[in-house]
Amino acid sequence: MNHQLSIRLKGTFGKGELAAFRDQVGLTPRGRIDDDWDEEFGRRDLRPEEAGKAKLSLWRYADDDWMLSLRYEGAPLPAAEVEDLRRTVLDAAGRAGLTATVRNLS
């Protein structure tokens, strides 16, 4: 799979803040915040598999270090769709009190 967008998030989610972030970004919950071995905390499929997989995933590397990654197979997502996702994530991160660093990869 190819990477199209990565957003590094710094800061700590409380239980309610993580749920609100995932809801705002449209991520299906995964993982438990109290389990230090859980790494993936949300996933969203962005197009049907037959059109080439595209998914948005939230990963935790440490209590205050998170990564949201957009990956795809086949053609990349349209730039306007990626920009909408980027704005949604940055808004959700701001509401949760996190600092975000964006890296466009395509």
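This text goes with the structure placed above it.
This write-up is about the structure you can find in this document. All values reported here derive from a predicted model rather than from experimental measurement. Residue indices begin from 1 for each chain and proceed along its sequence in written order. For this predicted model, a pLDDT threshold of at least 70 governs which residues receive local features, and a threshold of 80 or more governs which side-chain atom pairs are given and counted, while totals over whole chains, interfaces and linings are taken from all residues. As a convention, hydrogens and water are excluded, and side-chain values are obtained from all of the structure's heavy atoms.

Digging into the overall build of the protein chain
Helix and strand assignments follow DSSP, with helices taken as H or I runs no shorter than four residues and strands as E runs no shorter than two, numbered in order from the N terminus. Check the secondary structure of the protein chain and you find two helices and six strands. When the helices and strands of the protein chain are listed from N to C terminus, the series reads β-α-β-β-β-β-α-β. Throughout, radius of gyration means the C-alpha value; the globule benchmark is 2.2 Å times the number of residues raised to the power 0.38. Against the globule reference of 13 Å for 106 residues, the protein chain gives a C-alpha radius of gyration of 13 Å, in line with a compact fold. Counting only C-alpha atoms and orienting by the principal axes, one finds that the protein chain spans roughly 35 × 25 × 20 Å. Counting only residues that meet the buried cut, the protein chain has 39% of its 106 residues in that class. Only protein chains enter the accessibility calculation, which uses a 1.4 Å probe. A residue is then buried if its area is under 20% of the maximum for its type, exposed if over 50%, and partly exposed in between.

Things to note about the packing of aromatic side chains
Only Phe, Tyr and Trp rings are paired, with Trp represented by its six-membered ring, and only when their centres lie within 6.5 Å; those with planes under 30 degrees apart are stacked, over 60 edge-to-face, the remainder tilted. Applying the stated criterion to the full structure yields three aromatic pairs. Aromatic side chains Phe 13 and Phe 21 sit 5.2 Å apart centroid to centroid with 55 degrees between the ring planes, which places their arrangement in the tilted category. What makes Phe 13 buried here is its relative accessible area of 5%. Taking relative accessible area as the criterion, Phe 21 reaches 1% and is therefore assigned buried. For the pair Phe 13 and Trp 66, a centre-to-centre distance of 4.8 Å together with 80 degrees between the ring planes defines the contact as edge-to-face. Of this pair, Phe 13 sits in the loop between strand S1 (2–10) and helix H1 (15–25) while Trp 66 sits in strand S5 (residues 65–72); the two residues are 53 residues apart in sequence, bridging distant segments of the chain. Put simply, the rings of Phe 13, Phe 21, Phe 41 and Trp 66 pair up and form one aromatic cluster.

Considering the nonpolar core
One broad rule of soluble globular proteins: the nonpolar side chains tend to lie buried together. What is meant by a nonpolar core is a set of buried Ala, Val, Leu, Ile, Met, Phe, Trp, Tyr and Cys residues, joined one to another through side-chain atoms within 4.5 Å. Membership of the largest hydrophobic core comes to 25 residues, with the highest contact counts inside it found for Leu 9, Phe 21, Leu 56, Leu 58, Leu 68 and Leu 70. Put simply, the parts of the chain that give this core at least two residues each are S1, H1, strand S3 (40–47), strand S4 (54–62), S5 and helix H2 (79–96). Counting residues per element, this core draws most heavily on H2, which supplies six residues. Excluding residues within four positions of it along the chain, Leu 70 makes contact with Asn 2, His 3, Gln 4, Leu 5, Leu 46, Lys 55, Leu 56, Leu 77, Val 82 and Leu 85. Contacts are residue-level and defined by heavy atoms, with any inter-residue pair within 4.5 Å sufficient.

Some words on the pattern of salt bridges
Salt bridges are identified by distance alone: a Lys or Arg side-chain nitrogen within 4 Å of an Asp or Glu carboxyl oxygen. On inspection of all chains with the given rule, the structure shows seven salt bridges. Here Asp 91 ties to Arg 95 by a salt bridge, and the two come within 3.2 Å at their closest N and O atoms. Linking Asp 91 with Arg 95, this pair stays in helix H2, spanning four residues, or about one helical turn. By relative accessible area, Asp 91 is classed as partly exposed at 35%. Connected through salt bridges with shared partners, the residues Glu 83, Asp 84, Arg 86 and Arg 87 form a single ionic network.

Examining the pairing of strand S6 (residues 99–104)
Where a strand is regular, its side chains alternate between the two sheet faces. Of all six residues that make up S6, zero are buried, and the element is exposed over most of its length. Here a strand pair is declared whenever DSSP counts at least two bridges between the two strands. Here S1 runs beside S6; their pairing, made up of six bridges, is antiparallel. Note on S6: the bridge partner recorded for Leu 5 is Asn 104.

Some thoughts on the sheet that holds S6
Overall, antiparallel pairing links the six strands, which are arranged S2-S3-S4-S5-S1-S6 in an open sheet. For this open sheet the edge positions go to strand S2 (28–29) and S6, each flanked by a neighbour on one side alone. As paired strands, S3 and S4 are joined by six bridges and run antiparallel to one another. Bridge pairing in S4 places Arg 44 opposite Leu 56. Across the sheet, H2 lies against S1, S3, S4, S5 and S6, angled at about 15 degrees from S1, the strand it touches most. In this analysis, axes come from line fits to C-alpha atoms, helices being fitted only over the stretch in contact, and the angle between any two N-to-C directions falls in the range 0 to 180 degrees.

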